[in-house]
Amino acid sequence: AKYKDGQFEELERHLTVPEDFNDDTKLAAVRLSNDQQTLYISNRGHDSIAVFTITENGAGLNPVEIVKSGDQFPRDFNITESDDYLVCAHQEGNYEITVFKRDTNTGKLTPTDNQQIAPEGVHVSFI
C-alpha cells in the first residue's frame, strides 16, 4: 500500500495460499529477512509459509513459493541473524519445531529438521 495525505492506496494484491484452497485460514507471523530481500508470511489453517521477494525498491512483491510448515497452525517463526535458517513453531498438532534451510539468493525454504517439540509454541526468538 502507498500512504499519502492520510489515505492508503493499494498497489498490489497477492494470495498467501493456493487459489484452490477453500478452507479457513488466518495469517500469523509476517517477517522480513535480515537482508530485506524476502518477505515470509505464515498461514494458520493452510499450515504453510508464503515466500515473496521484494521488488522495485520495496514497492512490489514477487511470489516465490508456498511451503508446508511441517505441522499444524504455524503461529510464529523467525529467521537467524545469518539469514541461513528459518525456525517455525506450531501452536497445534504435534507441536513440532521445523527448521528450514533458507536459500539466501532465492528466499526458498527447504525443511531440514523437526525433531524438537515446543507445546503450543507461539513465539520464536534467538537468545
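It should be emphasised that the depicted structure is a prediction, and the values quoted were computed from it without experimental measurement.

1. Notes on the overall build of the chain
Each helix and strand counted, the chain has 0 helices and 10 strands in total. In the chain, the succession of α and β elements from N to C terminus is β-β-β-β-β-β-β-β-β-β. The C-alpha radius of gyration computed for the chain amounts to 15 Å, which stays within 12% of the reference 14 Å derived for 127 residues, consistent with globular compactness. Per-residue burial for the chain yields a buried fraction of 36% across its 127 residues. Of the contacts made within the chain by residues no fewer than 6 positions apart, 38% connect residues no fewer than 24 positions apart. If you average the places of the 11 positive and of the 22 negative side-chain charges in the chain, the two averages end up 4 Å apart.

2. Some points on the sheet that holds strand β3 (residues 26-32)
Taken together, the 4 strands give an open sheet; going across it, the order is β3-β4-β5-β6, and neighbouring strands pair in antiparallel fashion. Each edge of the open sheet is held by one strand with a lone partner, namely β3 and β6 (60-68). The mean inter-strand angle of the sheet, taken between neighbouring strand axes irrespective of direction, is 20 degrees. Sheet topology places strand β5 (residues 48-55) next to β6; 8 bridges connect them, and they run antiparallel. Bridge pairing in β6 places I54 opposite L61.

3. What about the environment of A29?
Secondary-structure assignment places A29 in strand β3. Along the sequence, A29 and F52 sit 23 residues apart, while their C-alpha atoms lie 14 Å from each other. Setting aside residues up to four positions removed in sequence, A29 forms contacts with Y40, I41, S42, R75, D76 and F77.

What counts and what doesn't
Residues numbered from 1 in each chain as written. Predicted model: local features only at pLDDT ≥ 70, side-chain atom pairs only at ≥ 80, totals over all residues. Heavy atoms only, no water. Helix = DSSP H or I, 4+ residues; strand = E, 2+ residues; numbered from the N terminus. Rg over C-alpha atoms; globule rule 2.2 N^0.38 Å. Buried < 20%, exposed > 50% of the residue type's maximum accessible area, 1.4 Å probe, protein only. Contact = heavy atoms within 4.5 Å. Lys, Arg positive; Asp, Glu negative; His and termini not counted. Charge placed at Lys NZ, Arg CZ, Asp CG, Glu CD. Pairing = 2+ DSSP bridges. Axes fitted to C-alpha atoms, helices over the stretch in contact; angles between N-to-C directions.

This is a description of form; function is not addressed.
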